[in-house]
Number of protein chains: 2
Amino acid sequence: MSVPTVTASARNATPAVDLGPAVALSCRECGERFPLTPAFACESCFGPLEIAYDLPAGDPEGLRRRIEAGPANIWRYAPLLPVPADVAGKPNMNPGWTPLVKADRLAAELGVTGGLYVKDDSGNPTHSFKDRVVANAVEAARAFGFTTLSCSSTGNLAGAVGAAAARAGLRACVFIPHDLEQPKVVMAAVYGGDVVGIEGTYDDVNRFCSELIGDPAGEGWGFVNVNLRPYYAEGSKTLAYEICEQLGWRLPDQLVVPIASGSQLTKIDKGLKELIATGLVEDRPYKIFGAQATGCSPVAQAYKAGHDVVRPVRPETIAKSLAIGNPADGPYVLDIARRTGGAVEDVSDEQVVDAIKLLARTEGIFAETAGGVTVGVTRKLIEAGVLDPTLTTVVLNTGDGLKTLDAVEPTTGPSAIIRPNLDSFREAGLAS
Amino acid sequence: MSVPTVTASARNATPAVDLGPAVALSCRECGERFPLTPAFACESCFGPLEIAYDLPAGDPEGLRRRIEAGPANIWRYAPLLPVPADVAGKPNMNPGWTPLVKADRLAAELGVTGGLYVKDDSGNPTHSFKDRVVANAVEAARAFGFTTLSCSSTGNLAGAVGAAAARAGLRACVFIPHDLEQPKVVMAAVYGGDVVGIEGTYDDVNRFCSELIGDPAGEGWGFVNVNLRPYYAEGSKTLAYEICEQLGWRLPDQLVVPIASGSQLTKIDKGLKELIATGLVEDRPYKIFGAQATGCSPVAQAYKAGHDVVRPVRPETIAKSLAIGNPADGPYVLDIARRTGGAVEDVSDEQVVDAIKLLARTEGIFAETAGGVTVGVTRKLIEAGVLDPTLTTVVLNTGDGLKTLDAVEPTTGPSAIIRPNLDSFREAGLAS
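The model shown is predicted, which means the values in this text are computed figures rather than measured ones.

**Student:** What should I look at first to understand the UniProt feature "domain: Tryptophan synthase beta chain-like PALP" (unreviewed entry) in chain A in this one?
**Tutor:** According to UniProt, the "domain: Tryptophan synthase beta chain-like PALP" (unreviewed entry) feature falls on residues 95-399 of chain A. The distance separating the terminal C-alpha atoms of residues 95-399 of chain A is 13 Å; by composition the span is 44% helix and 16% strand.

Laid out in C-alpha cells, this is it:
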C-alpha cells in the first residue's frame with residue numbers, strides 16, 4: 001500500500017522557530033539538511049529525519065554546572081534538546097530525573113558483581129518513559145502552532161499525550177488498538193481528550209495515522225510520533241543523560257534497553273555520543289543490548305540470523321507496549337548492537353512474568369511487562385555468558401506494573417483471608 | 001474492648017539508637033519524655049507519643065544550603081527527621097521531592113487568583129504519599145533490629161510496606177480489608193511478602209493489629225503504623241518541607257489536606273512549625289483545611305458541630321484510602337483547623353469523581369479518589385467563601401488514579417471504536 005509521508009523541503013520558507021540548540025532536520029540516510037518543520041521523511045531519499053544541533057562546545061565544566069543547577073527534570077538538559085531555553089517555565093509535564101536504583105539484591109540473585117542499576121522510569125508523571133518524548137513533542141507542537149495533539153499508541157503514549165495536552169491546554173485525539181489493557185484505556189481517556197479505538201494491531205493504527213496526516217480530516221494536527229517524530233524521539237536521549245549524570249558523569253559499561261520501534265535505543269546511543277562529544281563524560285566503550293518479547297521479536301530474530309533488515313511479524317505477547325511488529329528503527333538497532341558489541345535477545349511471556357516478580361521481590365520495583373522483558377533478557381544474557389557480570393550494567397524499566405496488572409494478577413494475591421482475631425490468624429500459619 | 005498498647009517506659013534500658021536529631025519520645029498529652037523505643041503510648045497517661053528533636057539551630061542559611069545540596073528525595077531533610085545521618089546510602093525507596101505543580105488552568109476554573117498549586121505525590125515510588133512515612137519507619141525498624149515489617153492498611157500503605165521491605169531485605173506481612181480495590185491488592189502482594197485479607201473494615205484491621213502486637217504471634221514485628229508509629233508519622237512532615245522549599249522557602253497561605261487518621265495533617269502542621277523554628281521560612285500565618293469524603297466524615301461532622309471529640313462512623317465511600325471511621329488524630333486535626341483559621345469540609349462520592357476528572361482535564365494529573373476529595377473540597381470551600389481565592393493555596397494529591405480506576409471507569413472510555421480507514425474515522429465525527 002502507499003503511505004503518504006510528510007517530507008521536509010529545503011525550499012520550505014516558514015519562519016524560523018526557536019527550538020534552542022536545534023538548527024535543522026537531517027536525513028539519517030543521505031545526510032541532507034532541511035529547515036525545522038513538522039516533517040519526518042527526507043525529500044530526496046525518503047530516509048527518516050532527525051534533529052541536528054549546534055551543541056555547546058569548549059566548556060564542559062560550565063555546561064556541567066549549568067545542568068546540575070537546573071531543575072530536577074529533563075529540562076536540566078535543555079541545552080542539548082530541541083526546546084527553547086525558557087522551556088522550564090512553560091506548562092509541560094516536566095518528566096524525568098527518575099531514580100537510578102542501585103539494585104544490589106537483584107545483582108546478588110543474578111550474580112552481577114560489577115554494579116547493577118535499574119533506571120526506573122515508572123516515576124514519570126504518567127508512569128512511563130513516554131512522558132519524556134511527549135514533553136519534547138509538546139514544545140515542537142507549540143513552536144509550530146498546532147492546537148491538537150495526536151498519536152498512534154500501544155497505550156502508554158496515549159496516556160502521556162492525554163496528560164500533556166491537558167497540561168498545555170491543547171486538544172488531544174489519540175488512536176489505540178481497541179483491545180488494550182483497560183488501565184491504559186482509562187488513563188488515555190481520563191484527561192478529557194478523544195480516544196479512538198481501532199480494530200486492528202498497533203501497526204494498523206500506525207498506518208492509519210500516516211494516512212490521516214495526509215488527509216484534511218487530520219489537518220493541523222501534531223502527531224507526536226509521526227509529523228513531530230524527529231522532535232519527539234529526542235526525548236529518549238534524556239535517559240542516557242540522566243543515567244550518566246546519576247553515575248557521577250560516567251558511561252556505564254553495558255545497557256539493556258527494550259525495543260518497540262527501536263527509537264528509544266537509537267536515541268540513547270545518540271545521547272551517549274553527545275555526552276562524549278561535549279566532553280561531559282570520558283570516552284570509553286559501552287555496549288547496548290536490545291530486549292524483546294519472543295512473541296514480538298523481529299529485531300532479535302534478525303540479529304540472530306545475521307540479517308541487516310527486519311522482517312515484520314504479527315505480535316502475540318503480553319508485553320503490549322513493545323508489540324510493534326514492524327519496528328521503524330529496527331535496522332539502526334541492529335547496527336548499534338553490533339557496533340557496540342552488544343546483542344539483541346528475547347524472552348517468553350512466562351519469563352517476563354517471572355522477571356517482573358523477581359524485580360519486585362528483590363528491589364521493590366513493580367515493573368510493566370516491558371520491564372519484565374529487560375530484566376528477563378538481562379538474566380538470560382548473563383546465563384549465556386553474553387553480558388559480562390563484572391561490568392557496570394544499567395537495565396531500563398520503562399513503565400509501571402499498575403498498567404499491566406493482568407500479567408501478574410493470576411498468580412499474585414493474598415496469602416490468606418482471615419477473620420479479625422488471633423485464632424484465625426494463627427490458623428493461617430503466618431505467625432512470627 | 002480492651003486494646004493492648006505498647007507503652008514507653010522511662011526505665012527502658014535498651015542501648016541508645018542513632019536516629020539522627022531524634023532524642024526522645026514525647027507524650028502529646030502530658031509532655032513526659034521517654035527513650036527512643038518501639039512504643040506509641042505514654043506510660044503515664046496513655047497519650048500518643050511523638051518524636052522530640054534536638055533540631056539544628058542558629059544557622060538557617062547553613063541548614064538551607066545543606067538541604068539544597070542533598071539528594072532529590074526526602075533524605076535532603078535528614079537533619080529534621082528521625083533517621084541516621086547516612087540514611088541516603090542505605091537500601092530504602094527514597095521517596096519524595098515530588099512535583100509542586102503550578103495549576104494555572106485549574107485555578108482559572110476555580111477562580112483562584114492568588115496562585116494555586118497541586119502537590120502531586122503520585123510521583124512517589126509506589127505512587128502514594130505512604131512511601132514517605134514507610135521510608136522513615138524502615139529506618140526505625142533497622143535501628144530496633146526488626147526483621148518483619150507489618151501494617152494495617154487501606155491499600156496504599158500495604159504496597160508501600162511491601163516495596164520498602166523488599167528493597168531493604170526485610171520480610172513483609174501486611175493486613176488489609178478483604179474487599180480492597182484489586183490494583184491495591186496486587187500491588188501489596190507482588191513484592192513477595194505475605195498479604196492477609198481481613199473480613200471487616202479498616203478499623204477492624206487496625207484493632208486486630210493492636211491485638212497481634214501484644215501477642216507472641218506478632219513478636220518481633222515492626223508494625224509501621226502501630227509500634228513504629230511515632231517514627232513513621234514523621235515522614236509526613238516532608239510534605240510541608242518540600243512545599244515550602246518548592247515555593248522558594250516560603251509558607252503557603254492555605255493548604256488543603258486529606259484526612260484519614262488525621263496524622264498527615266497534624267504532621268504537616270508540625271513540619272511547618274519546625275521550618276519557622278529553625279528559621280528556614282519567615283513566620284507568617286497559614287491556614288490548614290481538612291478534607292473528607294461525606295461517606296466517612298467524622299472529623300468534618302465534629303468540626304461543623306463545634307465538638308472537640310470525634311464520634312466514630314462506619315465508612316461508606318469510594319475514597320477507601322481515607323475510609324478510617326475512627327481517626328486517631330481527629331481531635332488534633334480539629335484543634336489545628338480551628339487554631340490556624342482553616343476548616344474541615346466533606347464532599348460526596350459524585351463530587352469526588354467530578355473533581356478527579358476536573359484535575360485530569362485541566363492539569364494532566366490523574367488522582368486517586370483521595371485527590372478527588374481534596375480538589376472537590378477546595379472547590380466547595382471557594383464557592384462557600386471559606387477559602388480565599390486571592391491567597392496562595394496548595395492542594396495535596398496523595399495518591400494515583402491507576403489504583404482507583406473503578407471510580408472513573410464507568411464514565412471514562414473511548415470516544416469511538418472504528419475500523420482502520422478514513423471513512424470510518426470521518427463517520428465518528430472527530431475529524432479536524
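So that's the structure; there's more coming.
**Student:** What exactly am I supposed to notice about the interface of chain B and chain A here?
**Tutor:** For interface size, the figure often reported is the accessible area lost on association. Chain B puts 70 residues into the contact, and the matching count from chain A is 70 residues. Interface area, chain B with chain A, both sides summed: about 5800 Å², of which 65% is carbon and sulfur. Where chain B touches chain A, the interface holds six salt bridges. Across the salt bridge formed by aspartate 215 of chain B and arginine 426 of chain A, the nearest N and O atoms sit 2.7 Å from each other. Here chain B is connected to chain A by 28 residue pairs in polar contact (both at pLDDT 80 or more). By residue number, the principal contributor to the side of chain B that touches chain A is helix H5 (residues 182-189) of chain B, which donates six residues.

**Student:** Would you explain the pairing of strand E1 (residues 22-27) of chain B in this entry?
**Tutor:** Along a regular strand, successive side chains alternate from one face of the sheet to the other. Residues and elements named next belong to chain B. Of all six residues making up E1, five are buried, and the element is well covered by its neighbours. Relative to strand E3 (residues 49-53), E1 is paired through five bridges, and the arrangement is antiparallel. Each bridged residue has a counterpart across the sheet, and for alanine 24 the counterpart in E3 is alanine 52. Across two bridges, E1 lies against strand E2 (residues 33-34) in antiparallel orientation. Bridging from a neighbouring strand, serine 26 pairs with arginine 33 of E2. Connecting E1 to the next strand, E2, in antiparallel fashion are five residues, including glycine 31 with a positive phi near 80°.

**Student:** For this particular structure, what's the right way to read the side chain of threonine 393 of chain A?
**Tutor:** All names here are of chain A. Assignment of secondary structure puts threonine 393 in strand E13 (residues 393-397). For threonine 393, a relative accessible area of 1% corresponds to the buried category. Polar side-chain contacts of threonine 393 include one of 3.1 Å to the backbone oxygen of leucine 391.

**Student:** What should I look at first to understand the sheet that holds strand E2 (residues 33-34) of chain A in this one?
**Tutor:** Two strands in a sheet stick together by hydrogen bonds in their backbones, pointing the same way (parallel) or opposite ways (antiparallel). In space, the three strands of this open sheet follow the order E2-E1-E3 (chain A), with antiparallel pairing throughout. Sheet topology places E2 and strand E3 (49-53) of chain A at the edges, where each strand pairs with a single neighbour.

**Student:** So what exactly am I meant to see when it comes to the relation of the copies chain B and chain A here?
**Tutor:** There are two copies of the chain, and a rotation about an axis plus a shift along that axis relates them. At an RMSD of 0.0 Å, chain B and chain A line up after a rotation of 180° and a shift of 0.0 Å along the axis. Taken together, the rotation and translation relating the two chain copies correspond to the operation of a two-fold axis. If distances are taken from each C-alpha of chain B to the rotation axis, the shortest is found for glycine 123 of chain B, at 2.7 Å. Of the interface residues in chain B, 100% have counterparts in chain A that sit at the interface too, so the contact is made through matching surfaces.

**Student:** What exactly am I supposed to notice about the sheet that holds E2 of chain B here?
**Tutor:** Strand order in the open sheet formed by three strands is E2-E1-E3 (chain B), with antiparallel pairing between adjacent strands. Looking at which strands have only one partner, the edges of the open sheet turn out to be E2 and E3 of chain B.

**Student:** Looking at this structure, how should I read the packing of aromatic side chains?
**Tutor:** Geometry of an aromatic ring pair is reported as the spacing of the ring centres plus the angle between the planes. This model, assessed by the stated rule, comprises 18 aromatic pairs over all chains. Look at phenylalanine 208 of chain A and phenylalanine 425 of chain B: their rings are 5.8 Å apart centre to centre, the planes differ by 70°, and that puts the pair in the edge-to-face class. With phenylalanine 208 of chain A in helix H6 (residues 202-213) and phenylalanine 425 of chain B in helix H15 (residues 422-427), this residue pair bridges two chains. Taken individually, phenylalanine 208 of chain A and phenylalanine 425 of chain B each receive the classification buried, so the pair is uniform in this respect. When the centroid spacing of 5.4 Å and the interplanar angle of 65° are considered together, the rings of phenylalanine 425 of chain A and phenylalanine 175 of chain B count as edge-to-face.

**Student:** How do you make sense of the environment of tyrosine 191 of chain B when you look at a structure like this?
**Tutor:** Residue and element names in this part refer to chain B. Mapped onto the fold, tyrosine 191 is located in the loop between H5 and strand E8 (194-198). Judged by relative accessible area, tyrosine 191 falls into the buried class, the value being 4%. Each C-alpha atom of the pair tyrosine 191 and valine 344 lies 36 Å from the other, and the pair is 153 residues apart in sequence.

Cut-offs used in this document
- Residues numbered from 1 in each chain as written.
- Chains lettered and ligands numbered in written order.
- Predicted model: local features only at pLDDT ≥ 70, side-chain atom pairs only at ≥ 80, totals over all residues.
- Heavy atoms only, no water.
- UniProt positions renumbered as here; feature names shortened; annotations may be inferred.
- Helix = DSSP H or I, 4+ residues; strand = E, 2+ residues; numbered from the N terminus.
- Contact = heavy atoms within 4.5 Å.
- Buried area = accessible area lost by both parts, 1.4 Å probe.
- Salt bridge = Lys/Arg side-chain N within 4 Å of Asp/Glu carboxyl O.
- Polar contact = N/O pair within 3.5 Å; in protein donor to acceptor, adjacent residues only side chain to side chain.
- Buried < 20%, exposed > 50% of the residue type's maximum accessible area, 1.4 Å probe, protein only.
- Pairing = 2+ DSSP bridges.
- Least-squares fit on C-alpha atoms with pLDDT ≥ 70 in both.
- Phe/Tyr/Trp six-rings, centres within 6.5 Å; stacked < 30°, edge-to-face > 60°.

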